[in-house]
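Reading the structure
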Amino acid sequence: MTPVARLFIGGGALLLALAVALGAYSAHATKGAAHPEAARLLQTAVLYQFIHAMGILIAGVIARTGSSSWLTAAGLLHFAGIVLFCSSLWVLALTARSLGIAAPTGGMAFIAGWIALAVHALRS
(Lines give C-alpha, C1' and ligand atoms only; values in the text may rest on other atoms or scores of the structure.)
Protein backbone atom coordinates (compact mmCIF):
# COMPACT_ATOMS: atom_id res chain seq x y z
CA MET A 1 0.00 0.00 0.00
CA THR A 2 1.32 3.47 -0.82
CA PRO A 3 2.15 5.88 2.00
CA VAL A 4 -0.67 8.23 0.90
CA ALA A 5 -3.17 5.35 0.89
CA ARG A 6 -2.02 4.18 4.32
CA LEU A 7 -2.23 7.73 5.74
CA PHE A 8 -5.68 8.46 4.35
CA ILE A 9 -7.24 5.07 5.11
CA GLY A 10 -5.81 4.99 8.63
CA GLY A 11 -6.47 8.66 9.30
CA GLY A 12 -9.96 8.54 7.83
CA ALA A 13 -10.86 5.50 9.93
CA LEU A 14 -9.58 7.21 13.10
CA LEU A 15 -11.55 10.37 12.28
CA LEU A 16 -14.67 8.24 11.79
CA ALA A 17 -14.14 6.56 15.17
CA LEU A 18 -13.69 10.00 16.71
CA ALA A 19 -16.91 11.19 15.06
CA VAL A 20 -18.82 8.33 16.69
CA ALA A 21 -17.35 9.19 20.09
CA LEU A 22 -18.02 12.91 19.62
CA GLY A 23 -21.57 12.18 18.52
CA ALA A 24 -22.18 10.20 21.69
CA TYR A 25 -20.54 12.87 23.83
CA SER A 26 -22.47 15.69 22.15
CA ALA A 27 -25.74 14.19 23.36
CA HIS A 28 -24.60 14.98 26.90
CA ALA A 29 -22.46 18.07 26.24
CA THR A 30 -25.40 20.28 25.33
CA LYS A 31 -26.89 20.21 28.82
CA GLY A 32 -25.99 23.61 30.21
CA ALA A 33 -23.96 24.54 27.11
CA ALA A 34 -23.16 28.21 26.62
CA HIS A 35 -24.84 28.58 23.20
CA PRO A 36 -28.65 28.23 22.91
CA GLU A 37 -28.25 26.29 19.63
CA ALA A 38 -25.53 23.99 21.00
CA ALA A 39 -27.32 20.74 20.10
CA ARG A 40 -27.81 21.79 16.47
CA LEU A 41 -24.22 23.09 16.18
CA LEU A 42 -22.74 19.86 17.52
CA GLN A 43 -25.01 17.73 15.34
CA THR A 44 -23.77 19.68 12.31
CA ALA A 45 -20.12 19.34 13.39
CA VAL A 46 -20.43 15.57 13.82
CA LEU A 47 -22.29 15.14 10.51
CA TYR A 48 -19.68 17.10 8.59
CA GLN A 49 -16.87 15.17 10.26
CA PHE A 50 -18.50 11.88 9.23
CA ILE A 51 -18.97 12.96 5.63
CA HIS A 52 -15.49 14.37 5.17
CA ALA A 53 -13.71 11.58 7.04
CA MET A 54 -15.38 9.29 4.49
CA GLY A 55 -13.94 11.57 1.80
CA ILE A 56 -10.47 11.04 3.28
CA LEU A 57 -11.08 7.29 3.39
CA ILE A 58 -12.23 7.32 -0.23
CA ALA A 59 -9.09 9.23 -1.24
CA GLY A 60 -7.04 6.54 0.51
CA VAL A 61 -8.80 3.72 -1.28
CA ILE A 62 -8.31 5.46 -4.62
CA ALA A 63 -4.62 6.07 -3.77
CA ARG A 64 -4.10 2.30 -3.62
CA THR A 65 -4.25 2.28 -7.42
CA GLY A 66 -2.13 5.39 -7.88
CA SER A 67 -1.80 8.77 -6.29
CA SER A 68 -1.49 12.30 -7.61
CA SER A 69 -0.99 15.73 -6.15
CA TRP A 70 -4.73 16.33 -6.67
CA LEU A 71 -5.64 13.24 -4.68
CA THR A 72 -3.23 14.17 -1.89
CA ALA A 73 -4.69 17.69 -1.86
CA ALA A 74 -8.21 16.25 -1.62
CA GLY A 75 -7.42 14.29 1.53
CA LEU A 76 -5.47 17.10 3.15
CA LEU A 77 -8.16 19.68 2.36
CA HIS A 78 -10.84 17.48 3.89
CA PHE A 79 -8.68 17.10 7.00
CA ALA A 80 -8.15 20.88 7.19
CA GLY A 81 -11.89 21.38 6.79
CA ILE A 82 -12.62 19.03 9.67
CA VAL A 83 -10.15 20.82 11.91
CA LEU A 84 -11.33 24.33 11.01
CA PHE A 85 -15.06 23.90 10.46
CA CYS A 86 -15.96 21.21 12.98
CA SER A 87 -13.69 22.54 15.73
CA SER A 88 -15.09 26.04 15.35
CA LEU A 89 -18.64 24.69 15.80
CA TRP A 90 -17.60 22.82 18.96
CA VAL A 91 -16.00 25.96 20.40
CA LEU A 92 -19.06 28.05 19.53
CA ALA A 93 -21.49 25.52 20.99
CA LEU A 94 -19.64 24.97 24.24
CA THR A 95 -18.28 28.47 24.93
CA ALA A 96 -20.46 30.79 22.80
CA ARG A 97 -17.22 32.23 21.37
CA SER A 98 -16.74 32.48 17.63
CA LEU A 99 -13.44 31.56 16.00
CA GLY A 100 -14.03 34.17 13.32
CA ILE A 101 -13.43 32.94 9.81
CA ALA A 102 -12.44 29.40 10.84
CA ALA A 103 -15.83 27.92 9.90
CA PRO A 104 -16.12 29.53 6.46
CA THR A 105 -12.47 28.73 5.74
CA GLY A 106 -13.10 25.12 6.72
CA GLY A 107 -16.18 25.05 4.50
CA MET A 108 -14.12 26.30 1.57
CA ALA A 109 -11.54 23.59 2.31
CA PHE A 110 -14.31 20.98 2.11
CA ILE A 111 -15.45 22.31 -1.27
CA ALA A 112 -11.88 22.51 -2.57
CA GLY A 113 -11.26 18.94 -1.39
CA TRP A 114 -14.18 17.59 -3.41
CA ILE A 115 -13.08 19.60 -6.44
CA ALA A 116 -9.52 18.24 -6.09
CA LEU A 117 -10.92 14.70 -5.96
CA ALA A 118 -12.94 15.38 -9.12
CA VAL A 119 -9.87 16.79 -10.91
CA HIS A 120 -7.88 13.70 -9.94
CA ALA A 121 -10.63 11.46 -11.35
CA LEU A 122 -10.96 13.45 -14.58
CA ARG A 123 -7.19 13.50 -15.19
CA SER A 124 -6.61 9.81 -14.44
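For the structure, check the block above.
**Some remarks on the pattern of salt bridges**
In the structure shown here, the tally under the stated rule is one salt bridge. We note a salt bridge from arginine 40 to glutamate 37, for which the minimum N-O separation is 2.9 Å. Glutamate 37 gets classed as partly exposed once you look at its relative accessible area, which sits at 37%.

**Let's talk about the nonpolar core**
Residues Ile82, Phe85 and Cys86 are the most contacted members of the largest nonpolar core, which totals 26 residues. At the level of secondary structure, the elements contributing two or more residues to this core comprise α1 (3-29), α2 (38-63), α3 (69-95) and α4 (102-123). In terms of residue count, α2 provides more of this core than any other element does, nine residues in total. What isoleucine 82 contacts, discounting residues up to four positions off in sequence, is Leu15, Gln49, His52, Ala53, Ile56, Ser87 and Phe110.

**Notes on unusual backbone geometry**
Residues other than glycine seldom take positive phi values, yet alanine 96 does so here, at roughly 65 degrees. Tracing the backbone through its elements, the reader meets alanine 96 in the loop between α3 and α4. We classify alanine 96 as partly exposed; its relative accessible area is 42%.

**Description of the packing of aromatic side chains**
All chains considered together, the criterion is met by four aromatic pairs. Ring geometry for tyrosine 48 versus phenylalanine 85: centroids 4.9 Å apart, planes at 40 degrees, classification tilted. Placement of the pair is tyrosine 48 in helix α2 and phenylalanine 85 in helix α3, with a sequence separation of 37 residues. The interplanar angle of 65 degrees and the centroid separation of 5.7 Å between the aromatic rings of phenylalanine 85 and phenylalanine 110 together place this pair among those described as edge-to-face. Taken together, the residues phenylalanine 85 in helix α3 and phenylalanine 110 in helix α4 connect sequence positions 25 residues apart. By relative accessible area, which is 4% here, phenylalanine 110 ends up buried. Put simply, the rings of Tyr48, Phe85 and Phe110 pair up and form one aromatic cluster.

**Overview of the side chain of serine 26**
With respect to the helices and strands, the residue serine 26 is situated in helix α1. Residues within four places of serine 26 in sequence aside, it is in contact with Leu42 and Trp90.

**Examining the packing of α2 against α4**
Two elements in contact, α2 and α4, have axes separated by 11 Å at closest approach and are oriented at 25 degrees. One element, α2, and the other, α4, form an angle in the roughly parallel class. In this structure, the crossing between α2 and α4 has a hand that is left-handed. Each of Tyr48, Ile51, His52, Gly55, Ile58 and Ile62 in α2 lies in contact with α4, whose residues at this interface are Phe110, Trp114, Leu117 and His120.

**Regarding α1**
Over its 27 residues, α1 runs 37 Å from end to end, which matches the ideal 39 Å to within 8%, given 1.5 Å per residue. Restricting attention to buried positions, one finds in α1 the residues Ala5, Phe8, Gly12, Leu15, Leu16, Ala19, Ser26 and Ala29.

Criteria and thresholds
- Residues numbered from 1 in each chain as written.
- Predicted model: local features only at pLDDT ≥ 70, side-chain atom pairs only at ≥ 80, totals over all residues.
- Heavy atoms only, no water.
- Salt bridge = Lys/Arg side-chain N within 4 Å of Asp/Glu carboxyl O.
- Buried < 20%, exposed > 50% of the residue type's maximum accessible area, 1.4 Å probe, protein only.
- Core = buried A, V, L, I, M, F, W, Y, C linked by side-chain atoms within 4.5 Å.
- Helix = DSSP H or I, 4+ residues; strand = E, 2+ residues; numbered from the N terminus.
- Contact = heavy atoms within 4.5 Å.
- Phe/Tyr/Trp six-rings, centres within 6.5 Å; stacked < 30°, edge-to-face > 60°.
- Axes fitted to C-alpha atoms, helices over the stretch in contact; angles between N-to-C directions.
- Parallel < 35°, antiparallel > 145°, perpendicular 65-115°, else oblique.
- Left-handed = near helix turned anticlockwise from the far one by under 90°.
- Expected span 1.5 Å × (residues − 1).

As far as function goes, none of this settles anything; it's purely spatial.
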